[in-house]
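The residues making up each chain are set out below.
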Amino acid sequence: MKRSVLLAALGLALSASGVLAQEFDRNIMTGGPQGTYIKIGRDLAALGAECGLKLNVVESAGSLENFVGVRNRRNTQFGIVQSDVLEYLKTFEANDPEVQKAVKGVRIMFPLYNEEIHVLARKDINSMKDLAGKKIAVGKKDSGTFLTATLIMDILQVKAGERMDINPDEALPKLMSGEIDAFFYVAGAPAALFAGNTIDKAKFHLVPITEAPLLATYTPSRIEAGTYSFQDQPVDLIAVKAVMMTYDYDVKRNAYHRDSCKTVSDFSSLILTGLDKLRTTGHPKWKTVDLTALPPGWQVGVCVKAGMAMDYKPACKPAAGNAVDGAADDSNEEYLNLLKQRLQQ
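The structure displayed is predicted, hence computed values, not measured ones.

## Digging into the overall build of the protein
Working step 1: Looking only at helices and strands, the protein features 12 helices and 10 strands.
Working step 2: Within the protein, the proportion of its 345 residues that are buried is 54%.
Working step 3: Looking at the protein alone, contacts between residues at least 24 apart form 80% of all its contacts between residues at least 6 apart.
Working step 4: Total accessible area computed for the protein in this model is approximately 14700 Å², and 49% of it derives from carbon and sulfur atoms.

Have a look at this one:
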């Protein structure tokens, strides 16, 4: 993956943050209106509402914009990001001061679920190699889909005839009308975009993604037969981990940092306490969440671990929450120990 592509897509969070809001607010940056991220965000907002904590679910282009938002956007305590975005940021961080600045202070909230890499295409496109010379939609430049599509095609050395930087919502009607040949979409199955639209199975299908060079970065996965109305057979492909990110707020700095840290701690506790309910009533992907699957090279936030303590009480409970020590901890061992204690209850 070329550094220039990554930096151009990220925007690097180096520009001004914009006008600062006067009131404290809680926000999670998610994705498009038909994506899985926004469903997950709404599940978390419902969990917060039960506690009297309002969480705004913010639509976005996806992973890259969400990462920048957590790093640089006021009142944005949470954002959902693909693990391949995190991996390539970490790859460039060691020797690049600009990337170091862009990632400074961004931390793990919780690892979530695997999201499948869908490539919906005309029926005559049977493999990733068949995309060569075709007209392909790869997602908006500040989306995770854009980065993933770029990475995959770079790894496989597949050169499109034409690339369109449009989101999947725009790409689907263009595919159906014959304006493009295929498009990428990274989303946890079942993706509402495919489940909520009539797609002719005689003309279009999901392309299998099984090429060995991709397995160094991505996880083998399968979308079972019948997941979508146009899909009669199982499809083997690859997946990337969705990760909920936050920021390492310093409670000693100012009231905004203290309130934001309390928000992170409260939702950390609420998610652990409400995980069974999320698996029962939330998006189907909650059933596959693995909180131990931490992406390498990234640390869990201090405010997250404060909320994981056995005696921590969110703001909606009678007991006050524990004070948070703002000191950084470079080890995730504490997170895993706290997780084990909480999930055994």
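## Brief notes about the pairing of strand E10 (residues 235-247)
Working step 1: Counting buried positions along E10 yields 12 of 13 residues, so the element is predominantly enclosed.
Working step 2: As judged from the four bridges shared by strand E3 (residues 78-82) and E10, these two strands associate in the antiparallel manner. Residue pairing for E10: Val-81 is matched across the bridge by Val-243.
Working step 3: Both strand E4 (residues 106-122) and E10 contribute to a ladder of eight bridges, which runs antiparallel. Bridge pairing links Glu-116 to Ala-239 in E10.
Working step 4: Here strand E9 (residues 219-223) pairs with E10 via five bridges, running antiparallel. What sits directly across from Arg-222, in E10, is Asp-236.

## Notes on the environment of Gly-31
Working step 1: Its place among the elements puts Gly-31 in the loop between strand E1 (27-29) and helix H2 (36-50).
Working step 2: Given the relative accessible area of 6%, Gly-31 is considered buried.
Working step 3: Contact partners of Gly-31, with chain neighbours within four places excluded, come to Tyr-37, Ile-38, Val-58, Glu-59 and Ser-60.

## Concerning the confidence of the model for the protein
Working step 1: Considering every residue of the protein, the mean pLDDT works out to 88; 89% of them sit at 70 or more.
Working step 2: Below pLDDT 50 for its whole length, residues 12-21 participates in 14 contacts with residues either more than four positions away or in separate chains.
Working step 3: Across residues 318-327 the pLDDT falls below 50, and counting only partners more than four positions away or on other chains, this stretch makes 18 contacts in the model.

## Some words on the packing of helix H9 (residues 255-273) against helix H12 (residues 333-343)
Working step 1: In the contact formed by H9 and H12, the axes pass within 10 Å of each other and the chain directions differ by 45°. Taken together, H9 and H12 sit at an angle that is classed as oblique. Relative to H12, the crossing made by H9 is right-handed. Where H9 abuts H12, its residues Ser-269, Leu-272 and Thr-273 lie against Leu-339, Arg-342 and Leu-343.
Working step 2: For the contact of H9 with H12, the per-class residue count stands at three nonpolar, two polar and one charged.

## Looking at the packing of aromatic side chains
Each aromatic ring pair is specified by the distance between its two centres and by the angle formed by the two planes.
Working step 1: Taken as a whole and judged by the stated rule, the model has 11 aromatic pairs.
Working step 2: Judged by centre distance (5.5 Å) and plane angle (85°), the ring pair of Phe-194 and Tyr-228 falls under edge-to-face. Of the two residues, Phe-194 sits in helix H8 (residues 192-195) while Tyr-228 sits in the loop between E9 and E10, which places them 34 residues apart along the sequence. For the pair formed by Phe-194 and Tyr-228, the shared burial category is buried.
Working step 3: One residue, Arg-74, lies across the ring of Tyr-256, its end atom 4.0 Å from the ring centre.
Working step 4: Positioned above the aromatic ring of Trp-298, the side-chain terminus of Lys-90 is 4.4 Å from the ring centre.

## Some thoughts on unusual backbone geometry
Working step 1: The peptide bond linking Ala-189 to Pro-190 adopts the cis configuration, its omega dihedral lying at 5°.
Working step 2: Note that Pro-190 resides in the loop between strand E7 (182-187) and H8.
Working step 3: Within the chain, Gln-157 stands out as a residue other than glycine whose phi angle is a positive 55°.
Working step 4: With respect to the element layout, Gln-157 can be found in the loop between helix H6 (144-156) and strand E6 (162-164).

## Side note on the nonpolar core
Working step 1: In this structure, Leu-120, Phe-183, Phe-184 and Phe-194 are the most contacted members of the largest nonpolar core, which totals 105 residues.
Working step 2: In contact with Phe-183, not counting residues within four places along its chain, are His-118, Val-119, Leu-120, Ile-136, Ala-137, Pro-168, Ala-171, Leu-172, Leu-175, Leu-193 and Phe-194.

## Notes on the packing of helix H4 (residues 83-93) against H6
Working step 1: Relative to each other, H4 and H6 sit at 70°, their axes nearing to 9 Å. In terms of orientation, H4 lies roughly perpendicular with respect to H6. Both H4 and H6 take part in a crossing whose hand is left-handed. Residues Asp-84, Val-85 and Tyr-88 of H4 form the contact with H6, whose own contacting residues are Gly-144, Leu-147, Thr-148, Leu-151 and Ile-155.
Working step 2: Of the residues contributing to the contact of H4 with H6, the split by class is five nonpolar, two polar and one charged.

## With respect to the state of the cysteines
Here a disulfide denotes a covalent bond joining the sulfur atom of one cysteine to the sulfur atom of another.
Working step 1: On inspection of all chains with the given rule, the structure shows two disulfides.
Working step 2: The disulfide partner of Cys-51 is Cys-316, and the gap between their sulfur atoms is 2.0 Å. Of note, the bridge from Cys-51 to Cys-316 carries an S-S torsion of about -100° and is left-handed in sense. Taken together, the residues span a long stretch of sequence, with Cys-51 in the loop between H2 and strand E2 (56-58) and Cys-316 in the loop between helix H11 (302-308) and H12 at a distance of 265 residues.
Working step 3: The exposure class assigned to Cys-51 is buried, which follows from its relative accessible area of 9%.
Working step 4: Of the residues examined, Cys-316 reaches a relative accessible area of 31% and is grouped as partly exposed.
Working step 5: Taking only the cysteines that form disulfides and numbering them from first to last, the protein has the pattern 1-4, 2-3.

How each quantity is defined
- Residues numbered from 1 in each chain as written.
- Predicted model: local features only at pLDDT ≥ 70, side-chain atom pairs only at ≥ 80, totals over all residues.
- Heavy atoms only, no water.
- Helix = DSSP H or I, 4+ residues; strand = E, 2+ residues; numbered from the N terminus.
- Buried < 20%, exposed > 50% of the residue type's maximum accessible area, 1.4 Å probe, protein only.
- Contact = heavy atoms within 4.5 Å.
- Areas by Shrake-Rupley, 256 points an atom, 1.4 Å probe, with all protein chains shown as cover.
- Pairing = 2+ DSSP bridges.
- pLDDT = per-residue confidence, 0-100.
- Axes fitted to C-alpha atoms, helices over the stretch in contact; angles between N-to-C directions.
- Parallel < 35°, antiparallel > 145°, perpendicular 65-115°, else oblique.
- Left-handed = near helix turned anticlockwise from the far one by under 90°.
- Nonpolar A, V, L, I, M, F, W, Y, C, P; charged D, E, K, R; others polar.
- Phe/Tyr/Trp six-rings, centres within 6.5 Å; stacked < 30°, edge-to-face > 60°.
- Lys NZ or Arg CZ within 6 Å of the ring centre and 35° of its normal.
- Core = buried A, V, L, I, M, F, W, Y, C linked by side-chain atoms within 4.5 Å.
- Disulfide = S-S within 2.5 Å.

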